[in-house]
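Chain residues, written in single-letter form:
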Amino acid sequence: MKNYRDIANIVSCRYRRHIAPILTMIAIAALSFCGPGDATTNTPASPPSPTAKAGATTPSPAATVPPAPTVTPRSLVARKSEAQTTPAAAPSYPDVPGIVDVSNRGWPREIETSEGLIRLEAPPQRILTYSLGHDEIVLSLVGNERIAAVGKFTGDESYSNVADWVDDIPVYEKGAENVLAQKPDVFIASKFTDADIVELVKEAGIPVVRPSLENSSQGNIPNILLLGYLLGVEDRALELVAEIEARLKRITDRVPPVDDDARPTVISITRYSEKIYVPGLDTTVDGIIETAGGTNAAARDGLEGIQKVSLESVAAMNPDVILITQTGESGGDALRTLLLEHPALVAVPAVVNDEIHIVGSKLFITLSHWNVRGIEQTALVLFPDRFAGVEFSDFEPYLTE
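Scope of this entry: the structure provided in the associated data block. (Residues numbered from 1 in each chain as written. Predicted model: local features only at pLDDT ≥ 70, side-chain atom pairs only at ≥ 80, totals over all residues. Heavy atoms only, no water.)

What about the sheet that holds strand β3 (residues 127-129)?
Part 1: The three strands lie next to each other as β3-β6-β7, forming an open sheet whose pairing is parallel. Only two strands of the sheet have a single partner each, and these edge strands are β3 and β7 (208-209). (Pairing = 2+ DSSP bridges. Helix = DSSP H or I, 4+ residues; strand = E, 2+ residues; numbered from the N terminus.)

Have a look at this one:
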């Protein structure tokens, strides 16, 4: 009897944290077998009755014979202990082009783009990009303290969607020597960056990554995921991607599907140096118009890229809606007046119904997730009734890490 009670008490003290529910039953059974007087203050023989005085014990029935004790195998105890102390695995991360081993969420880690394989030993703390689009993405992923400097266009509200985010960040001029002067620990170039600059930076021993910014109406999600991994901010990248996808779904759920007759024909138009330009296939604006529920008349008629056209060609496209993607101050107001008054356009539905809208350019020419705001703005122009009461807001900077 004594040996049995000793075994129960030893097992109870050593393992109660891990298998408390099972061992409590064992201890109760043991105490019931041995009778009152063996109870401890840590393991009562039975729950006190509602009327029992504090500290009183309840005798076990003398005639009750307990079952043989069940001791949990040590292997099971070990497995339970390991399950409690082993950190949860990191959530899965999308495997996008450029990430060499997406299962590696530690450091060092490797990235491969058109400039070859780079290896980063730790999260970069002095980030430098060579394009406005990359600055707009990176500033939504990391705090300003990790940005070595930004280009002058990033701080210019005429071009940049994040101009008011960068007041406390140094500005640098383009050129390899100015890049090197910032002492970046990673240099993010674009496909448009001069090859000589890229080579000089690489020769200086600075890792160069060259993600492919795209004419994407999907917010450049692959680039966001690649840069999130590169900079060690995967959780923030996933958060931003989820916001982009939710915004896009809010649009696509409300606009007519492709090939629906309710989709209006649209063209985007600008004028510089007295020349008229419209974007066709394979342009950011084409993706914006289509995602917002319109049909790009220039793309429909076979134009590719951004093309110079005549006003007679605009009339032949016969758009229901015209978007002027330049500010009023930079020529948008004058262009709108020209379109309304030109005799070649008097029968065009957009002119007849006064559906000529100045929407600026920043949201329509950017190669970043900010083109999603362009989609939202266009959808509101095309379908004001379907978006009545819907509030659209700008993306926010990532202020803390």
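Topic: the packing of aromatic side chains
Part 1: Going through the model one piece at a time under the given rule, you end up with seven aromatic pairs.
Part 2: Residues Trp370 and Phe395 carry aromatic rings whose centres are separated by 5.5 Å and whose planes lie at 70° to one another, so their mutual orientation is edge-to-face. On the criterion of sequence distance, the pair formed by Trp370 in the loop between α13 (362-365) and α14 (371-382) and Phe395 in the segment after α14 is long-range, its members being 25 residues apart.
Part 3: We classify Trp370 as buried; its relative accessible area is 2%.
Part 4: Taken together, a centroid distance of 6.0 Å and an interplanar angle of 45° make the contact between Phe387 and Phe392 tilted. A single burial state applies to Phe387 and to Phe392, both of which are buried.
Part 5: Through a chain of ring-to-ring contacts, the aromatic side chains of Tyr130, Tyr172 and Phe187 assemble into a single cluster.
Part 6: Above the ring of Trp107, the side-chain terminus of Arg109 is found at 3.9 Å from the ring centroid.
Part 7: If you follow Lys174 out to its NZ or CZ, it ends over the ring of Tyr130, 4.2 Å from the centre. (Phe/Tyr/Trp six-rings, centres within 6.5 Å; stacked < 30°, edge-to-face > 60°. Buried < 20%, exposed > 50% of the residue type's maximum accessible area, 1.4 Å probe, protein only. Lys NZ or Arg CZ within 6 Å of the ring centre and 35° of its normal.)

What to know about unusual backbone geometry
Part 1: For the peptide bond that leads from Trp107 to Pro108, omega is 0°, which places it in the cis range.
Part 2: Turning to its location among the elements, Pro108 is positioned in the loop between α2 (74-85) and β1 (109-113).
Part 3: For Lys183, which is not glycine, the phi torsion reads 50° and is therefore positive.
Part 4: Judged by its relative accessible area of 66%, Lys183 falls in the exposed class.

A closer look at the environment of Val179
Part 1: Looking at where Val179 falls in the secondary structure, it is placed in helix α4 (residues 176-181).
Part 2: Assessed through its relative accessible area of 0%, Val179 is described here as buried.
Part 3: Considering only alpha carbons, one finds Val179 and Tyr130, 49 residues apart in sequence, at a separation of 8.7 Å.
Part 4: Excluding anything up to four places from it in sequence, Val179 contacts Leu128, Tyr130, Tyr172, Pro184, Phe187 and Val201. (Contact = heavy atoms within 4.5 Å.)

Function cannot be inferred from these measures alone, as they are strictly geometric.
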